[in-house]
Amino acid sequence: MTAAWALGLMTGTVLDGMIDIAAVRTDGEGVEEFGPWMLIPYPEEVRALIAEALAAAQEWRFEGPEPPIFRSAEVALTRAQADAVQRFLSAVGILPSEVSLIGFHGQTVLHRAPSVVSLGMTRQLGDGELMAQVIGIDIAYDFRSADMRAGGQGAPLSAAYHGCLLQRISATSDIAVLNLGGVGNLTWSNGADLIAFDTGPANAPLNDWITRHGLGNMDRDGALAMRGKVDEDRLTELLAHPYFSMPYPKSLDRNAFPAAMVDGLNAADGAATLTALTASAAGKGLALLPKRPTTLVVCGGGRKNLAIMDALRLRAGVTPLVAEDVGWRGDAIEAECFAFLAVRSLRGLPISFPLTTGVKSPMTGGRIAKAARS
């Protein structure tokens, strides 16, 4: 298959109000060319709708009919991302006819991992059929549902792309990838096996904590945490949670570890304790791997938090590198990933694996919405 431009769209559970867009020229197995990328903010009214939908999801929890706000937010989100794609293509000079496919992740509002008695469930807001109609380009979407119907965790899905990036830098099993979005997820490979799982909380509880205290929407550069003191007793209690010792594959919803974990602490000490929890959880995840890496390539918004990066050295016992240190485009990786996965979906290549989501055998996923052709 000739590599063509594919676009990826991603908005994470961290809820930073941004639409990540990236273009890559890929055949779904390797990347021939990394194209332009942009971060485009949602209109404030769309961000507010998404926040309402997330709150409604916590009340719903897959019981009964979906909250009506889901559809309102889904349409608004889809149209906002379609508009962002059109603005992106115009700004970077790529014609719609030059794009073969768009990978549209949508916004996760609720995720429940499978248990011994039931399949997992997930809900992403995003109408691929509507987006295909609006912008006239084929759309790959709903990447997680097939995996979960087959008994998988539905997450993390970044492993295939992280594995591709590791191959590009000739990484060994001494190097793993840690993505720090709303939750943390880890990818490791020894060249034969590909392992991935969610390590624990990352930016979601920290950002929620900062917001609750009226200090913005994130601990920018880790400045607040650096002024605080870790409550070591609280941290020890939190790290006793059974999730951290569970074998992989495993996955989390953004609210599985809420900001309320550090209720009773002042703003700075709470931020410091949540930061230490993120790093310590990553360290516990590393200990589960067949070989413990000595280096982590850190991507996602958490790589910009200096307190988290310092805590990874101290509490996870690794050398953390930011994605840019190895030549990766840190702010574009998640969007690149879904461009890559879109092409794999189109080609019927696997996007989830036994040691990444727990499916019995490698399987493809995603649905394709075909644009109307004139």
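I will try to describe carefully the structure that is included in this document. Note that the structure is predicted; figures quoted are calculated from it, not measured. (Residues numbered from 1 in each chain as written. Predicted model: local features only at pLDDT ≥ 70, side-chain atom pairs only at ≥ 80, totals over all residues. Heavy atoms only, no water.)

**Remarks on the sheet that holds strand 8 (residues 175-180)**
Two pairing modes exist for strands in a sheet, parallel and antiparallel, and in both the strands are linked by backbone hydrogen bonds.
Thinking step 1. The strand order 10-9-8-11-12 describes an open sheet built from five strands, whose pairing is mixed. If you trace the sheet from one side to the other, it starts and ends with strand 10 (194-201) and strand 12 (319-322), each paired once. Each neighbouring strand pair of the sheet contributes to a mean axis angle of 25°, computed without reference to strand direction.
Thinking step 2. Judged from the seven bridges that link them, strand 9 (residues 183-189) and strand 10 form a sheet pairing that is antiparallel. Bridge pairing in strand 10 links Gly-184 to Gly-200.
Thinking step 3. In this fold helix 9 (residues 267-288) packs onto strand 8, strand 9, strand 10 and strand 11 (295-299), with an angle of close to 150° to the strand it touches most, strand 10. (Pairing = 2+ DSSP bridges. Helix = DSSP H or I, 4+ residues; strand = E, 2+ residues; numbered from the N terminus. Axes fitted to C-alpha atoms, helices over the stretch in contact; angles between N-to-C directions. Contact = heavy atoms within 4.5 Å.)

**Some thoughts on the nonpolar core**
Thinking step 1. In this structure, Leu-7, Leu-9, Phe-70, Leu-89, Ile-102, Ile-135 and Ile-139 are the most contacted members of the largest nonpolar core, which totals 41 residues.
Thinking step 2. Where this core is concerned, the elements lending two or more residues are strand 1 (4-10), strand 2 (18-26), helix 1 (44-60), helix 2 (69-92), strand 4 (99-104), strand 5 (107-112), helix 3 (128-135) and strand 7 (139-141).
Thinking step 3. The biggest single contributor to this core is helix 2, with ten residues.
Thinking step 4. By size, the runner-up hydrophobic cluster in this structure holds 31 residues, among which are Val-24, Tyr-161, Leu-166 and Leu-194. (Core = buried A, V, L, I, M, F, W, Y, C linked by side-chain atoms within 4.5 Å. Buried < 20%, exposed > 50% of the residue type's maximum accessible area, 1.4 Å probe, protein only.)

**Some details on the layout of surface pockets**
One way to see where empty space is left: roll a probe the size of a water molecule over the atoms.
Thinking step 1. Of the voids in this model, the second largest pocket is the one considered here, and its volume is about 450 Å³.
Thinking step 2. Every residue lining the second largest pocket is counted, 24 residues in all, and those nearest its centre are Gly-163, Cys-164, Gln-167, Ser-189 and Leu-194.
Thinking step 3. When contributions to the lining of the second largest pocket are tallied by element, the ones reaching two or more residues are helix 5 (159-168) and helix 11 (333-347).
Thinking step 4. In terms of residue count, the dominant contributor to the lining of the second largest pocket is helix 5 (six residues).
Thinking step 5. Looking at the lining of the second largest pocket, its residues break down into 13 nonpolar, eight polar and three charged. (1 Å grid on protein atoms, 1.4 Å probe; cavity = no way out; pocket = protein on both sides within 12 Å on 5 of 7 lines; lining within 4 Å. Points joined across faces, edges and corners; volume = space filled by probe spheres on them. Nonpolar A, V, L, I, M, F, W, Y, C, P; charged D, E, K, R; others polar.)

**So, unusual backbone geometry**
Thinking step 1. Residue Ala-155 is joined to Pro-156 through a cis peptide bond whose omega torsion reads -10°.
Thinking step 2. With respect to the helices, strands and loops of the structure, Pro-156 is situated in the loop between helix 4 (145-149) and helix 5.
Thinking step 3. A cis amide bond links Tyr-248 to the next residue, Pro-249, at an omega of 0°.
Thinking step 4. Summarising the element assignment, Pro-249 is placed in the loop between helix 8 (232-239) and helix 9.
Thinking step 5. You will see that Phe-62, though not glycine, has its phi angle at about 65°, which is positive.
Thinking step 6. Relative to the elements of secondary structure, Phe-62 occurs in the loop between helix 1 and helix 2.
Thinking step 7. According to the relative accessible area criterion, Phe-62 is buried, its value standing at 12%.

**Comments concerning the pairing of strand 1**
Thinking step 1. Within strand 1, six of the seven residues are buried, leaving the element largely enclosed by the surrounding structure.
Thinking step 2. One ladder, built from seven bridges, connects strand 1 with strand 2; its direction is antiparallel. Within the sheet, the bridge partner assigned to Leu-7 lies in strand 2 and is Ala-23.
Thinking step 3. Relative to strand 4, strand 1 runs parallel, the two sharing five bridges. Directly across from Trp-5, in strand 4, lies its bridge partner Val-99.

**Quick word on the sheet that holds strand 3 (residues 31-41)**
Thinking step 1. If you trace the six strands from one edge of the open sheet to the other, you get 3-2-1-4-7-13, paired in mixed fashion. In this open sheet, the two strands that pair with only one neighbour each are strand 3 and strand 13 (367-369). For this sheet, the mean angle separating the axes of adjacent strands, direction not counted, is 20°.
Thinking step 2. The strands touched by helix 3 within the sheet are strand 1, strand 4, strand 7 and strand 13, with strand 7 carrying the most contacts at an inclination of about 165°.
Thinking step 3. The strands that helix 11 touches are strand 1, strand 2, strand 3, strand 4, strand 7 and strand 13; relative to strand 1, the one it contacts most, it runs at about 125°.

**A few points about the packing of aromatic side chains**
Aromatic rings in a pair are described by how distant their centres are and how their planes are angled relative to each other.
Thinking step 1. Taken as a whole, this structure holds eight aromatic pairs when the rule is applied.
Thinking step 2. Ring centres of Tyr-243 and Phe-244 lie 6.2 Å apart, and the angle between their planes is 80°; on these two criteria the pair is classed as edge-to-face. Accessibility classification places Tyr-243 together with Phe-244 in one group, the buried group.
Thinking step 3. Three or more aromatic residues joined by ring pairs form one cluster here, namely Trp-60, Phe-62 and Phe-70. (Phe/Tyr/Trp six-rings, centres within 6.5 Å; stacked < 30°, edge-to-face > 60°.)

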